[in-house]
Structure formats: C-alpha cells, structure tokens
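Coordinate inspection notes
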Amino acid sequence: MDDKSLLTVNVVTPDGVVYDNTTDLAVCKTTLGEVGIMPNRVPLLASLAIDEVRVKTGEESFDEIAVSGGFIEFSNNVLSVVASAAERKENIDASRAERARARAEKRIATAKETHNVDDLRRAEVSLRRAMNRLNISKH
C-alpha cells in the first residue's frame, strides 16, 4: 500500500492513546448505524455507539477496539476516535467484564423492583458496555 491509499486511525480516551495505526479501512458503529471509513472520504463527524471499532490490518484480519461511546471525526485522511473508554481486544479482561455484567444485571433487577428509572438506565448502559467487552474478547 502506498501512502496515498492509507488513513491514520487514532483512538484516544481521557487516559491517553489506546490505538494508533495506518490502514485502508476502518469500520465504526455510530448511533445511526455502521460506517466504513476509507482514504480520501468526505469529512465526517458522528456520535459513537457502545460497540467496536475495527481496523483492517491484513487481507482478512482486523484489530478490534471496544469503545464505550464518544465520537469520530474524519478529515485529511485521519480518523480520530474519541471515546470515554476504549480497550484493545487483547487487553480485555474477560473475567472482569463478566463480573461487570453480573453486577449490571443485579442493578437492573433492583431498579425494576424499586421502579427507579434513572438507576435502570445507568445499569442498562453498564450492561451494554460489559456485553460489548465480552463479545469482542470472544471473537
């Protein structure tokens, strides 16, 4: 691949850089659906869903990064992913994510019993984050 056919992908969180690489394809799940980013695309700004960012590294291989919301910006062949939290697949602690899933499910049950809508929403987001991390760690 020559430089003209590549884009740079940066994934950052408040804690720092999680991922930095070049590629010819990145796939992100936005709140409006999945979007593929290729070099020389029109600029884009979109909100991220709790899901994964996939960065093509070979003919059929991808780096996978779990993200917990945020946004993406693409311009001048640079894709910036700004997430509240992000983890590369190989850094995900599946047992920790499983414990987070169990805690979130207990919090959902309690919130439903007490009819606490705010706690229910927060617990549902926690469950989505835990399930996302578990799903990516098992790919």
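Structural data are supplied above this passage.
Attention here is on the structure that accompanies the text. (Residues numbered from 1 in each chain as written. Predicted model: local features only at pLDDT ≥ 70, side-chain atom pairs only at ≥ 80, totals over all residues. Heavy atoms only, no water.)

The end-to-end C-alpha separation of helix H2 (residues 117–138) is 31 Å, in line with the 32 Å expected for 22 residues at 1.5 Å each. Within H2, burial applies to Leu120, Ala123, Leu127, Ala130, Asn132, Arg133, Leu134 and Ile136. Lining the buried residues of H2 we find strand E5 (44–56), strand E6 (62–75), strand E8 (86–88) and helix H1 (94–114). The backbone nitrogen of Asp118 has a side-chain oxygen 3.3 Å away, supplied by the residue at the start of H2, namely Asn116. (Helix = DSSP H or I, 4+ residues; strand = E, 2+ residues; numbered from the N terminus. Expected span 1.5 Å × (residues − 1). Buried < 20%, exposed > 50% of the residue type's maximum accessible area, 1.4 Å probe, protein only. Contact = heavy atoms within 4.5 Å. Polar contact = N/O pair within 3.5 Å; in protein donor to acceptor, adjacent residues only side chain to side chain.)

Before going further, it helps to spend a moment on the layout of surface pockets. Considering only enclosed or pocket space, the largest pocket measures out at about 290 Å³ in volume. Considering the residues around the largest pocket, the lining is formed by 16 residues, among which Arg96, Ala100, Arg129, Ala130 and Arg133 are closest to the centre. Secondary-structure elements contributing two or more residues to the lining of the largest pocket are E6, E8, H1 and H2. Classifying every residue of the lining of the largest pocket gives seven nonpolar, three polar and six charged. (1 Å grid on protein atoms, 1.4 Å probe; cavity = no way out; pocket = protein on both sides within 12 Å on 5 of 7 lines; lining within 4 Å. Points joined across faces, edges and corners; volume = space filled by probe spheres on them. Nonpolar A, V, L, I, M, F, W, Y, C, P; charged D, E, K, R; others polar.)

In this model, H1 (21 residues) spans 30 Å end to end at C-alpha, consistent with the 30 Å of a helix rising 1.5 Å per residue. Within H1, the full set of buried residues consists of Ala97, Ala100, Arg101, Ala104, Ile108 and Ala111. Each buried residue of H1 lies within a common arc of 105° when the element is viewed along its axis, so the set occupies one face. Exposed residues pointing more than 90 degrees away from the buried face of H1 are listed as Arg103, Lys106, Glu113 and Thr114. The inward-facing, buried residues of H1 contact H2. Positioned one or two residues after H1, His115 has a phi angle of 60°, which is positive. (Arc of directions from axis to C-beta.)

A few words now on a positive patch on the surface. Positive charge collects at one region of the surface, where Arg96, Arg99, Arg103 and Arg107 lie side by side. Looking at where Arg96 falls in the secondary structure, it is placed in helix H1. For Arg96, a relative accessible area of 44% translates into the label partly exposed. (Patch = residues over 30% accessible without salt bridge, like charges linked within 9 Å, V, L, I, M, F, W, Y side chains within 5 Å. Areas by Shrake-Rupley, 256 points an atom, 1.4 Å probe, with all protein chains shown as cover. Salt bridge = Lys/Arg side-chain N within 4 Å of Asp/Glu carboxyl O. Lys, Arg positive; Asp, Glu negative; His and termini not counted. Charge placed at Lys NZ, Arg CZ, Asp CG, Glu CD.)

Turning to the packing of aromatic side chains, a few remarks are in order. A full pass over the atoms with the stated rule returns zero aromatic pairs. The side chain of Arg54 reaches across the aromatic face of Phe62, ending 6.0 Å from its centre. (Phe/Tyr/Trp six-rings, centres within 6.5 Å; stacked < 30°, edge-to-face > 60°. Lys NZ or Arg CZ within 6 Å of the ring centre and 35° of its normal.)

This part covers unusual backbone geometry. Most peptide bonds take the trans configuration, and most residues that are not glycine carry a negative phi. The phi dihedral of Asn40 is positive, around 65°, even though this residue is not glycine. Residue placement: Asn40 occurs in the loop between strand E4 (33–37) and E5. Not every positive phi belongs to a glycine, and Asn76 is a case in point at roughly 50°. The topology assignment puts Asn76 in the loop between E6 and strand E7 (78–83).

As a further point, take the pattern of salt bridges. Applying the stated rule across the entire model yields nine salt bridges. Among the ionic pairs, Lys89 bridges to Glu64, the shortest N-O distance being 3.3 Å. Of this pair, Lys89 sits in the loop between E8 and H1 while Glu64 sits in strand E6, and the two are 25 residues apart along the sequence. The exposure class assigned to Glu64 is buried, which follows from its relative accessible area of 12%. A salt bridge links Arg101 to Glu98; its shortest N-O distance comes to 2.1 Å. Here Glu98 and Arg101 lie together in helix H1, a separation of three residues that amounts to about one turn. A relative accessible area of 30% places Glu98 in the partly exposed class. Among the charged side chains, a salt-bridge network with shared partners connects Glu34, Glu52 and Arg54.

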